[in-house]
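Notes for the structure review
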Amino acid sequence: MKTAFVDEGGSLFAFDFKKKFKENGWEVYDFESEYKRLGAIRDNSKWRVCTINKGFAMIDSYPEYFIVPASVSDEVVKKTVSFRSKGRVPALSWLHPKNEASITRCSQPCVGLRKHRCDEDETMIAEIRKATTVSTHIHICDCRPMVNARANMAKGCGYEMPRNYENIEFSFGNIENIHAMRESNNKLRALVTQPEIDETKWFSNLAATLWLNYVQSVLQEAVRVASTVENKRSSVVIHCSDGWDRTSQIASLAMLLLDPYYRTLEGFEVLIEKEWLSFGHMFRTRTCHGNKSMTDNYSPIFLQFLDCVWQIGQLYPHSFEFNNNLLLTIAQHLHSCLFGTFLLDSDKQRKEQEVKTKTVSLWSYVNTCKTRFLNPLYREKRECLLPVISMRTIRLWKQYWMAYHPYHKFDDPTFERTMELVGLRERIVNESEEARIKNQSHKSATLT
């Protein structure tokens, strides 16, 4: 019981799980390596590493180091901290390798009913816009419905006033809040776990949960952001309320569509480590780890992200190096507390509790038995995915949602065959490499 409910004085089971794996999953994501790959850390870059949060001195929910425009001073960033909710200032997530358009993320501005301004915040948005010379405009994506954003003004927050920012385009994403997602999730779980299902009402009952509608709205906004960066060549700033729920969804999904690296097994792990863990998605709060019951802050935001990834994978079965088994494994261990990866609410908390030295990373397990998670149909190809998202393309993720139904458990008949194909592919690749080396040796011998 003590490893299940930490409020009774125990610690989660991950702190007692000591199994050794060949791979060290804690080494998957390296801040400097990732941003060098993106081209943000290099000589003559228009971006720089900001160190004002070293030791988590200013922003509890942010990583110690993040990327801002090189033309923006630390003083400007510090002033912006006080203007953004929870201090979550605009920070770089992704940089287009050709047109230099960027995806940055933050939280809502604290404008309030009096519509306060912050010169430093306006400067920062302008410098993000100027970091690409291809487009003269920048797009601000507020993931919330407009009515929700306006309601937040009464709490001292709100959204950017377009007239105060030069050359911006502004839009609302109309994605509902954590409470709507929780209610929808509860309805869907109740539906799929019913011992007896009225077949004549299945589709209407499924539609009534609104889960597929919410998945559609998240995907549509992610595609819109990706299209803005790829086709309009404009930088995009993404935020919701506090910038750790819908913002994480849209930023990471847009990057998944834009960058084929994130569609590899390693890249997907890096994407989760960077956009969800380092930027402070509150995993413990949203999953209620260690609590006996769900609280009002429980919400399946990360699970919904995994569902969206599965939907994209169904549309582009050759574009992902990893398979459905990886998504199912991540979804399982999101709640299992067997591994330390999804524990607590921020990098700061994980560092304070020494999670990396006292627990095992989920990626240690995944990367040690990598074959189980590979897609044999994968073809490496550098392309941007811009699917047309409609209710006709959205499907129920049966392997996840029906997995625990008492009578209608949905088994994936393709898994064993997939393992066979992965093994066959590895054998062909190895034989091809051996033949190449043999042929090369034969040529060398002939020449001598």
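Worth saying up front: this structure is predicted, and the values here are computed from it rather than measured.

A few points about helix α9 (residues 265-278)
In this model, α9 (14 residues) spans 19 Å end to end at C-alpha, consistent with the 20 Å of a helix rising 1.5 Å per residue. Where α9 terminates, the next one or two residues include Gly-280, which has phi positive at roughly 80°.

Describing the nonpolar core
The biggest cluster of nonpolar side chains holds 121 residues, and the ones touching the most others in it are Phe-66, Phe-268, Ile-272, Phe-302, Phe-305 and Ile-330. Apart from residues lying up to four places away in sequence, Phe-305 is in contact with Gln-249, Ser-252, Leu-253, Phe-268, Leu-271, Ile-272 and Trp-276. Phe-15, Cys-337, Leu-343 and Leu-344 belong to the second largest nonpolar core, which has eight residues in total.

Remarks on the layout of surface pockets
Size it by volume and the second largest pocket reaches roughly 630 Å³. Residue assignment for the lining of the second largest pocket shows that the elements contributing at least two residues are α1 (31-38), α9, α13 (347-352) and α14 (355-358). Broken down by class, the residue content of the lining of the second largest pocket amounts to eleven nonpolar, four polar and ten charged.

Focus on the pairing of strand β4 (residues 102-105)
Neither face of β4 is exposed, since Ser-102 and Thr-104 on one face and Ile-103 and Arg-105 on the opposite face are all buried. One ladder, built from four bridges, connects strand β3 (residues 91-95) with β4; its direction is antiparallel. Each bridged residue has a counterpart across the sheet, and for Leu-92 the counterpart in β4 is Thr-104. Counting the residues between successive antiparallel strands, the hairpin from β3 to β4 contains six residues, one of them, Glu-100, with a positive phi of roughly 65°.

Considering helix α6 (residues 202-209)
Spacing of three or four residues puts side chains on the same side of an α-helix, whose turn is 3.6 residues. Taken as a whole, α6 has its buried residues at Trp-202, Leu-206 and Thr-209. The buried side chains of α6 occupy one side of the element, clustering within an arc of 55° when seen end-on. Where the residues of α6 are buried, they touch α5 (178-192) and α7 (211-230). Of the residues one or two after α6, Leu-210 is the one with positive phi, at around 70°.

What counts, and at which threshold
Residues numbered from 1 in each chain as written. Predicted model: local features only at pLDDT ≥ 70, side-chain atom pairs only at ≥ 80, totals over all residues. Heavy atoms only, no water. Helix = DSSP H or I, 4+ residues; strand = E, 2+ residues; numbered from the N terminus. Expected span 1.5 Å × (residues − 1). Core = buried A, V, L, I, M, F, W, Y, C linked by side-chain atoms within 4.5 Å. Buried < 20%, exposed > 50% of the residue type's maximum accessible area, 1.4 Å probe, protein only. Contact = heavy atoms within 4.5 Å. 1 Å grid on protein atoms, 1.4 Å probe; cavity = no way out; pocket = protein on both sides within 12 Å on 5 of 7 lines; lining within 4 Å. Points joined across faces, edges and corners; volume = space filled by probe spheres on them. Nonpolar A, V, L, I, M, F, W, Y, C, P; charged D, E, K, R; others polar. Pairing = 2+ DSSP bridges. Arc of directions from axis to C-beta.

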